[in-house]
Amino acid sequence: MSKVIQSHWWSALFVLFFPLLIMYAYSDFIRSSELNARLGWVLLIGGVAYLFRHTVLQKLLLGVLFLFVLSGSLDILYAVTFGGVFTSASFEAMALTDPSESLEFLLAYVSIENVLLLLFYWLVAYFSLKRILFKAPERRREKVFAALGILMILASIQQIHQRGRTFDVIPGFTGVAIDYSSGHQSIDIDIQARQALYDSKPFTAEMKASDPQTYVIVLGESVNRNHLSLYGYTRETSPHLDKLQSELVVFKDVVSPFAQTRPSLSVALTEVDTQNKMSVQQAISLLGGAKKAGFKTWWISNQQPLRRPTSAMAALADVGHFISHDFYGVEVNRYDGYLLPSVQKAIEDDAPHKVIFVHLMGSHLQYRNRYPPEQAVFKGAEGVQAYTDNLSRSELAYINSYDDSVRYTDSVLGEILSQLQTLDEVAALSFFADHGEEVFDSKDFKGHGPDGVTRHMVEIPFVFWRNNAYQTTFAETDQQLQKNAEQPMMLDDYFHFGLCFMQINSDLLQSQRALCSDQYEPKPRMIYGKNYDKELR
Ligand SMILES: [Zn+2]
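Residues numbered from 1 in each chain as written. Predicted model: local features only at pLDDT ≥ 70, side-chain atom pairs only at ≥ 80, totals over all residues.

Novice: Help me out: how do you make sense of the overall build of the protein chain in this one?
Specialist: When you go through the protein chain residue by residue, the secondary structure sums to 21 helices and 15 strands. Counting only C-alpha atoms, the protein chain reaches 85 × 55 × 45 Å along its principal axes. Put simply, the protein chain has 537 residues, and 45% of those count as buried. Sequence separation of at least 24 residues holds for 75% of the intrachain contacts in the protein chain that already meet a minimum separation of 6. (Helix = DSSP H or I, 4+ residues; strand = E, 2+ residues; numbered from the N terminus. Buried ≥ 20, exposed ≤ 12 C-beta atoms within 10 Å, placed from the backbone. Contact = placed C-beta atoms within 7 Å.)

Quick look at the structure:
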């Protein structure tokens, strides 16, 4: 028995896996690499321990385990306190808090549960590390493990050095911390480059009219328009938009050129399109265009603060607010509704000319985490349109929670629109999603991505609301918008649509690319090398 307790395998297993157990128990989300990374380290430490005959090497190994104890303690603390795991967004939130605030914050979260779990972890770790007996590999099995340990060292060096996969190799807090600091450096470069480009690139941007104007651009996330009642879905998933239909222009045929956030928003929100081969780094953003024209700009977001291409655009805004910071980076219970007070504040701001970007979490990844549970409405299979009539229980549950998340996005839009309706001055709102989502619509799959792209991954809602003042002040544009509602468009031309509907004159504006212009010309819509109209729809 004492041999078992003294075996270094148990120490390594306990030190690495107890925090993971706590994460499974308390957190809604765990990095996919977490389990493999921890197993890998147990094999590595367990294996090489047979070969470390010198006391210096043995101390080194104990030191590594001790570091894992420290890192694991933070994982436990975070999981129990926030019901989440460390992400780079948590680091970003902490980096923005001043040290005294952080300490106060930590103390506010000290609980008996926390203290007891940590004490247990430390005590067991301390005694098991103290009693480790290092022994040479005798049996064949032990020799195999020793060789495996060496292999693991080589594999992790290869993964980290050649492939830059620190995040996947080192588990928990430490892996995220290393990933955060290197990611932050490259995002910082991005931010500086976008500011420098804005300052130095010669381009013109002017408002056509001096009337006070407020524009809100809502960026949805993973919304398949075929799941909106506004677009004919049998379930009532967009009651707010449905009710406002007379004030909306609903564009029927807009697709995203990509089924992923980053490439899609890169081309939607900058001069880059799928044909001009510009690099995003050299392309002025729509926010930059509006800012240069004299609008006060906002970036209010429920998405991760360190993300391309949006971080750099947000940094250029006059006012930025990532609600992730208010939640210490945790995604649990962080619903898009929390954006509303900031949006309201922006709408009520005294500046006469305002452009407010609102970036939603929408229907991202884990649908059921995107709306407050009490707002769920869809339970049975009624109204579901899927790839098969024999959906499994879990497939149906995904579809129901997806529809609930879409319905929640609709309620957030309804709130923003009612805030805008209080304005007498010119006001408009544009809503689209970065891409769609396949939710067992046309095949046995849920998600989005370049492999096996389906029409549901790119068919997005594209809605324009404007008040009476907009319709009378910019009557010509308004009529053109209505005329173009059935026109095919791809989201990479949004930059031009944006400049056009916000009445910004610019030498960057190409009228034939702008869906609100009478010169608009549809182009072939190529999505990952496939012609959407011929091969996907
Ligand atoms: Zn996305």
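Novice: Is there a simple way to explain helix α4 (residues 55-82) in this structure?
Specialist: Think of an α-helix as turning once every 3.6 residues; residues three or four places apart then point the same way. Between its first and last C-alpha atoms α4 spans 40 Å; for 28 residues at 1.5 Å apiece the expected length is 40 Å, and the two agree. Glycine 83 lies just past α4 and shows a positive phi near 65°. (Expected span 1.5 Å × (residues − 1).)

Novice: Is there a simple way to think about the pairing of strand β7 (residues 353-359) in this case?
Specialist: Taken residue by residue, a regular strand's side chains alternate between the two faces of the sheet. Among the seven residues in β7, seven count as buried, and that is most of the element. Burial along β7 is two-sided: the residues His353, Val355, Phe357 and His359 and Lys354, Ile356 and Val358 are all buried. Two elements, strand β2 (residues 213-220) and β7, share seven bridges in a ladder whose sense is parallel. Considered in β7, the bridge of valine 216 is made with isoleucine 356. With six bridges joining them, strand β5 (residues 296-301) and β7 adopt parallel strand pairing. (Pairing = 2+ DSSP bridges.)

Novice: What am I meant to see in the sheet that holds β2 here?
Specialist: Strand pairing in a sheet relies on backbone hydrogen bonds, with the paired strands running either antiparallel or parallel. Judged by pairing direction, the sheet is mixed, and its seven strands sit side by side in the order β3-β11-β8-β2-β7-β5-β6 without closing on themselves. The open sheet has two edge strands, β3 (248-251) and β6 (319-322), and neither has a second partner. Averaged over all adjacent pairs, the angle separating strand axes in this sheet is 10°, with direction ignored. Taken together, the eight bridges between β2 and strand β8 (residues 426-433) define a ladder with parallel strand orientation. Bridging from a neighbouring strand, glutamine 213 pairs with valine 426 of β8. Docked against the sheet, helix α17 (residues 393-420) engages β2, β7, β8 and β11 (462-466), running at close to 175° with respect to β2. (Axes fitted to C-alpha atoms, helices over the stretch in contact; angles between N-to-C directions.)

Novice: Looking at this structure, how should I read unusual backbone geometry?
Specialist: Backbone geometry follows two general trends: most residues other than glycine have a negative phi, and most peptide bonds adopt the trans configuration. Put simply, arginine 308 and proline 309 share a cis peptide bond, and its omega is -5°. Relative to the helices and strands, proline 309 resides in the loop between β5 and α14 (310-316). Despite not being glycine, asparagine 333 has its phi angle at roughly 60°, a positive value. Classification of asparagine 333 by C-beta neighbours within 10 Å gives partly exposed; the count is 14. One non-glycine residue, glutamine 503, lies in the positive phi region at around 60°. Looking at where glutamine 503 falls in the secondary structure, it is placed in the loop between α20 (494-501) and β13 (504-506).

Novice: For this particular structure, what's the right way to read the environment of alanine 293?
Specialist: By the secondary structure assignment, alanine 293 is in the loop between α13 (286-292) and β5. Given 21 C-beta atoms within 10 Å, alanine 293 falls into the buried group. When the C-alpha atoms of alanine 293 and glutamine 487 are compared, they prove to be 28 Å apart, with 194 residues separating the residues in sequence. Among all residues touching alanine 293, those that are not within four sequence positions of it are Ala205, Glu206, Met207 and Ile504.

Novice: Looking at this model, I keep getting lost on the packing of helix α16 (residues 340-347) against α17. Mind explaining?
Specialist: When two helices pack together, their arrangement is given by the angle between the helix axes and the distance between those axes. One can describe the packing of α16 onto α17 by two numbers: an axis separation of 10 Å at closest approach and a directional angle of 20°. For the element pair α16 / α17, the angle class is roughly parallel. Here α16 and α17 pass one another in a crossing that is right-handed. Contact residues: α16 offers Leu340, Val343, Gln344 and Ile347, while α17 offers Val412, Glu415, Ile416, Gln419 and Leu420. (Parallel < 35°, antiparallel > 145°, perpendicular 65-115°, else oblique. Left-handed = near helix turned anticlockwise from the far one by under 90°.)

Novice: What is the right way to read the domain arrangement of the protein chain from this model?
Specialist: Quite often, the size of an interface is put as the accessible area lost when its parts meet. We note that the domain assignment places domain 1 (2-184) and domain 2 (214-301 + 328-536) within the protein chain. Computed from C-alpha atoms alone, the centre-to-centre distance between domain 1 and domain 2 is 41 Å. With eleven residues of domain 1 at the contact, the number on the domain 2 side is seven residues. Tallying contributions element by element places helix α5 (residues 88-95) first for the side of domain 1 that touches domain 2, with five residues. When grouped by side-chain class, the residues that make up the side of domain 1 that touches domain 2 number five nonpolar, four polar and two charged. (Domains from an automatic or database assignment. Nonpolar A, V, L, I, M, F, W, Y, C, P; charged D, E, K, R; others polar.)

Novice: So what exactly am I meant to see when it comes to the pairing of β5 here?
Specialist: Of all six residues that make up β5, five are buried, and the element is covered over most of its length. As judged from the four bridges shared by β5 and β6, these two strands associate in the parallel manner. In the strand pairing of β6, tryptophan 298 is matched with valine 319. Handedness of the crossover joining β5 and β6 through α14 is recorded here as right-handed. (Right-handed = clockwise from strand over helix to strand, strands pointing away.)

Novice: Mind showing me how you'd approach the nonpolar core here?
Specialist: In globular proteins that are soluble, nonpolar side chains generally tend to be buried together. Val218, Val358 and Ile416 are the most contacted members of the largest nonpolar core, which has 95 residues in total. If you tally residues by element for this core, the top one is α17, at nine residues. By size, the runner-up hydrophobic cluster in this structure holds 22 residues, among which are Ile76, Phe173, Val176 and Leu306. (Core = buried A, V, L, I, M, F, W, Y, C linked by C-beta atoms within 7 Å.)

Novice: Please clarify how the environment of phenylalanine 52 should be interpreted in this entry.
Specialist: With respect to the helices, strands and loops of the structure, phenylalanine 52 is situated in the loop between α3 (34-49) and α4. Distance from phenylalanine 52 to valine 463, taken between C-alpha atoms, is 65 Å for residues 411 residues apart in sequence.

Novice: Teacher, can you tell me more about the environment of valine 453 here?
Specialist: Mapped onto the secondary structure, valine 453 falls in the loop between β10 (446-447) and β11. Residue classification places valine 453 among the buried positions, given that 22 C-beta atoms sit within 10 Å. Taking the C-alpha atoms as reference, valine 453 lies 27 Å from phenylalanine 167; in sequence the two are 286 residues apart.

Novice: Teacher, can you tell me more about the packing of α4 against helix α7 (residues 112-130) here?
Specialist: Where α4 contacts α7, the axes come no closer than 10 Å and their chain directions differ by 165°. By the angle between their directions, the pair α4 and α7 is classed as roughly antiparallel. In this structure, the crossing between α4 and α7 has a hand that is right-handed. Counting all contacts with α4, which are made through Leu62, Leu65, Val69, Gly72, Ser73, Ile76, Leu77, Val80 and Thr81, the residues of α7 involved are Glu113, Asn114, Leu117, Leu118, Tyr121, Ala125 and Leu129.

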